[in-house]
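Close look at the chain arrangement
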Amino acid sequence: MKILIVGSGGREHAIAWAVAKSPKAEKIYCAPGNAGIAEFAECVPIGAMEFEKLADFAEEKGVDFAIIGMDDPLVGGIVDVFEARGIRTFGPRKNAAIIEGSKAFSKELMKKYNIPTAGYTTVYSAAEAREFLRTAKFPIVLKADGLALGKGVLICNTPEEAEAGVVEIMEDKKFGAAGDKMVIEEFMTGREVSVLSFCDGKTIKPMTSAQDHKRAGDGDTGLNTGGMGTFSPSPFYTAEADAFCREYIYQRTVDALAAEGRPFVGIIFFGLMLTADGPKVLEYNCRFGDPEAQVVIPRMKNDMLSVMEACVDGRLDEIDLQFEDNAAVCVVLASSGYPVKYAKGFPIRGLENFKGAEDKFVFHAGTKFDAEGRIVTNGGRVLGVTALGKTLVEARANAYKATELIEFDNKYMRHDIGKAIDEA
Ligand code: AMP
Ligand code: GLY
């Protein structure tokens, strides 16, 4: 099979790595890709939002199967464009990707189908927001409706903070049109866990659990980022929590979307809070998490391409999804200053130490080849270093040891990825 992967981050590198292991994969293209993905795929300089150009390329090369890694093109309807051109594509159509594209939509869906989540209201103007906030209980959570690079969520401890949030989201439109509507949500406490799952429109098969670290600094301080590191499985996601989620959250979500005429094919990412009242949905995403993919995919036993094909063909029920009985930790190596301002273009040394290794991997996020053919830093998140271990403690030690093998100017990482493991 000829495969086209759309995206350019660590998640897409992990997907390309898994797809390349499939005996069915003859040739892999990735648009736009990065310097690490180039080891497995021919990178094509077409942007992820250039749907028609991508479809032209897929047609010209006779691509048999397309995999969309990123949220923006999915929410923008790339799958509808590809399908209309006869390209078999793994990922939700626009009408199902809306579970990530609109928080107001997701909350309404959960309410209608009785899926556990935080109480909320949706407001359509700053005046309406202020009226609601006059009698609200604090802390409270404000969420811009649309995609905001993971930054459109504000946890407000006081009425003053909430007022500033209303101005930022709905008046100054810091997140653009994403702030035309806003969800105001009850604040929940508990452990967070991410569960990614394969879906074929009817059947859902959850993968092993993971936990992300979203803040930039040690001890969960500093600004929100795309994710600074992950571990898998989460020791807090017990068999009891899993059974609850399967019954009241996962299958209900898939059934709800099908009932609404929006069958979901692809990956549903459940962001969950394990509260004292049981697991509740924090958010849905319509694709693999980044860097959750970098700890979940290396633990997967199945041929990923076959599982994705089963999703597209509506026969996921035939798949026995299996994960290794081990653990993985991913530490993101970023450019110092991320997520605000950082320099790029520094050569990266030590990547060769990961060649051929089966217990440690380096997934590229923001890298490129410079004019001299060297691999250089090209983003805030540069690399994700993943290591396996028999236990989480072992995987974490292996991951931090592996981070020492890589050097580049302005290298920055958190030193407490997986610290929560010690509390389990
Ligand atoms: P989201 O993009 O909806 O996942 O929100 C980003 C982060 O904000 C989550 O990972 C949580 O840490 C936090 N968060 C979102 N909603 C809530 C909530 N209702 N209560 C507490 N924390 C929340
Ligand atoms: N790591 C969080 C996300 O991919 O949304």
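These numbers were taken from a predicted model, which means no experiment stands behind them.

1. Details of the site of ligand 2
- In the vicinity of ligand 2, the contacting residues are D212, G226, F269, N285, R287, G289, D290, P291 and E292.
- Contact between ligand 2 and D212: a nitrogen atom at 2.8 Å from a side-chain N or O atom of the residue.
- Along the lines of polarity and charge, the residues of the shell around ligand 2 split into two nonpolar, three polar and four charged.

2. A closer look at the packing of aromatic side chains
- Scanning all chains against the criterion turns up ten aromatic pairs.
- Seen from their ring centres, Y29 and F57 are 5.1 Å apart, and the 85 degrees between their planes marks the pair as edge-to-face. Linking Y29 in strand β2 (residues 27-32) with F57 in helix α2 (residues 51-61), this pair joins segments that are 28 residues apart in sequence.
- Seen in terms of ring centroids, F270 and Y284 are 5.7 Å apart; in terms of plane orientation they differ by 75 degrees. Their pairing is edge-to-face. Placement of the pair is F270 in strand β15 (residues 265-275) and Y284 in strand β16 (residues 278-285), with a sequence separation of 14 residues.
- Of the aromatic side chains, those joined through ring pairs into one cluster are W17, F361 and F363.
- Just above the ring of W17 sits the side chain of K21; from NZ or CZ to the centre is 4.1 Å.
- Positioned over the ring face of F236 is R191, at 3.9 Å from the centre of the ring.

3. A word on empty space enclosed by the protein
- In this structure the tally under the stated criterion is three cavities of 30 Å³ or more.
- When its volume is computed, the largest cavity comes out at roughly 80 Å³.
- Every residue lining the largest cavity is listed: I99, E100, K103, S106, K107, M110, K143, E185, L282, E283 and Y284.
- Mapped by element, the contributors of at least two residues to the lining of the largest cavity are α5 (94-101), α6 (103-112) and β16.
- Looking at which element gives the most residues to the lining of the largest cavity, the answer is α6, with four residues.
- Considering only residue class, the lining of the largest cavity consists of four nonpolar, one polar and six charged.

4. What about the sheet that holds strand β1 (residues 2-7)?
- Ordered by their spatial adjacency, five strands build an open sheet running β3-β2-β1-β4-β5, and the pairing between neighbours is parallel. Strands at the two margins of the open sheet, each flanked by one partner only, are β3 (42-43) and β5 (89-90).
- Both strand β4 (residues 65-68) and β5 contribute to a ladder of two bridges, which runs parallel. Following the sheet pairing, I67 is matched in β5 by F90.
- Against the sheet, helix α1 (residues 10-20) touches β1, β2 and β4, its axis set at about 170 degrees to β1.
- Each of β1, β4 and β5 is contacted by helix α11 (residues 304-313), which is oriented at about 95 degrees to β4, the strand it contacts most.

5. Quick word on the sheet that holds strand β9 (residues 182-186)
- Pairing is antiparallel across the open sheet formed by four strands, whose spatial order is β6-β9-β7-β8. Two strands close off the open sheet at either side, each with one partner strand: β6 (120-123) and β8 (153-156). Looking at each pair of strands side by side, their axes are set apart by 20 degrees on average, direction ignored.
- Two strands pair when backbone bridges link them, and β6 and β9 are joined in this way by four bridges, in the antiparallel orientation.

6. Concerning the site of ligand 1
- Ligand 1 sits among 14 residues. The nearest are E185, E186, M188, E192 and E283.
- At a separation of 2.8 Å, a nitrogen atom of ligand 1 approaches a polar backbone atom of E186.
- Here ligand 1 loses 90% of its free accessible area of 470 Å² to cover by the protein chains.
- At the level of secondary structure, the elements contributing two or more residues to the shell around ligand 1 comprise β7 (140-144), β8, β9 and β16.
- Residues that form the shell around ligand 1 fall into these classes: seven nonpolar, no polar and seven charged.

7. What to know about the environment of A310
- Relative to the assigned elements, A310 resides in helix α11.
- Taking the C-alpha atoms as reference points, A310 and F90, 220 residues apart in sequence, are found 9.8 Å from one another.
- Here A310 is in contact with D200, R315, L316 and I319, once residues within four sequence places are set aside.

8. Details of the side chain of N326
- Turning to its location among the elements, N326 is positioned in the loop between α11 and β17 (327-335).
- For N326, the contacting residues outside a window of four places in its chain are S232, P233, R299, L388, G389 and K390.

9. Points about the side chain of K107
- Assignment of secondary structure puts K107 in helix α6.
- Assessed through its relative accessible area of 3%, K107 is described here as buried.
- Within the structure, K107 has its side chain in polar contact with the side chain of E185 (distance 2.8 Å).
- Beyond its immediate chain neighbours, meaning those up to four positions away, K107 contacts T117, A118, Y120, V183 and E185.

10. Digging into α6
- For α6, the tally of buried residues reaches seven of ten residues, placing the bulk of the element in the interior.
- Those residues of α6 that fall on the buried side of the exposure criterion are K103, A104, F105, S106, K107, L109 and M110.

11. Let's talk about the packing of helix α7 (residues 126-133) against helix α8 (residues 159-171)
- Where α7 meets α8, the axes come as close as 10 Å, and the angle between the chain directions of the two elements is 160 degrees. The angle between α7 and α8 places the two elements in the roughly antiparallel class. In terms of crossing hand, the pair formed by α7 and α8 is right-handed. The residues of α8 that touch α7, namely those facing A126, A129, R130 and L133, are A162, E163, V166, V167, M170 and E171.
- Looking at the contact of α7 with α8 residue by residue, the class counts come to seven nonpolar, no polar and three charged.

Parameters at a glance
- Residues numbered from 1 in each chain as written.
- Chains lettered and ligands numbered in written order.
- Predicted model: local features only at pLDDT ≥ 70, side-chain atom pairs only at ≥ 80, totals over all residues.
- Heavy atoms only, no water.
- Near = heavy atom within 4 Å.
- Polar contact = N/O pair within 3.5 Å; in protein donor to acceptor, adjacent residues only side chain to side chain.
- Nonpolar A, V, L, I, M, F, W, Y, C, P; charged D, E, K, R; others polar.
- Phe/Tyr/Trp six-rings, centres within 6.5 Å; stacked < 30°, edge-to-face > 60°.
- Helix = DSSP H or I, 4+ residues; strand = E, 2+ residues; numbered from the N terminus.
- Lys NZ or Arg CZ within 6 Å of the ring centre and 35° of its normal.
- 1 Å grid on protein atoms, 1.4 Å probe; cavity = no way out; pocket = protein on both sides within 12 Å on 5 of 7 lines; lining within 4 Å.
- Points joined across faces, edges and corners; volume = space filled by probe spheres on them.
- Pairing = 2+ DSSP bridges.
- Contact = heavy atoms within 4.5 Å.
- Axes fitted to C-alpha atoms, helices over the stretch in contact; angles between N-to-C directions.
- Areas by Shrake-Rupley, 256 points an atom, 1.4 Å probe, with all protein chains shown as cover.
- Buried < 20%, exposed > 50% of the residue type's maximum accessible area, 1.4 Å probe, protein only.
- Parallel < 35°, antiparallel > 145°, perpendicular 65-115°, else oblique.
- Left-handed = near helix turned anticlockwise from the far one by under 90°.

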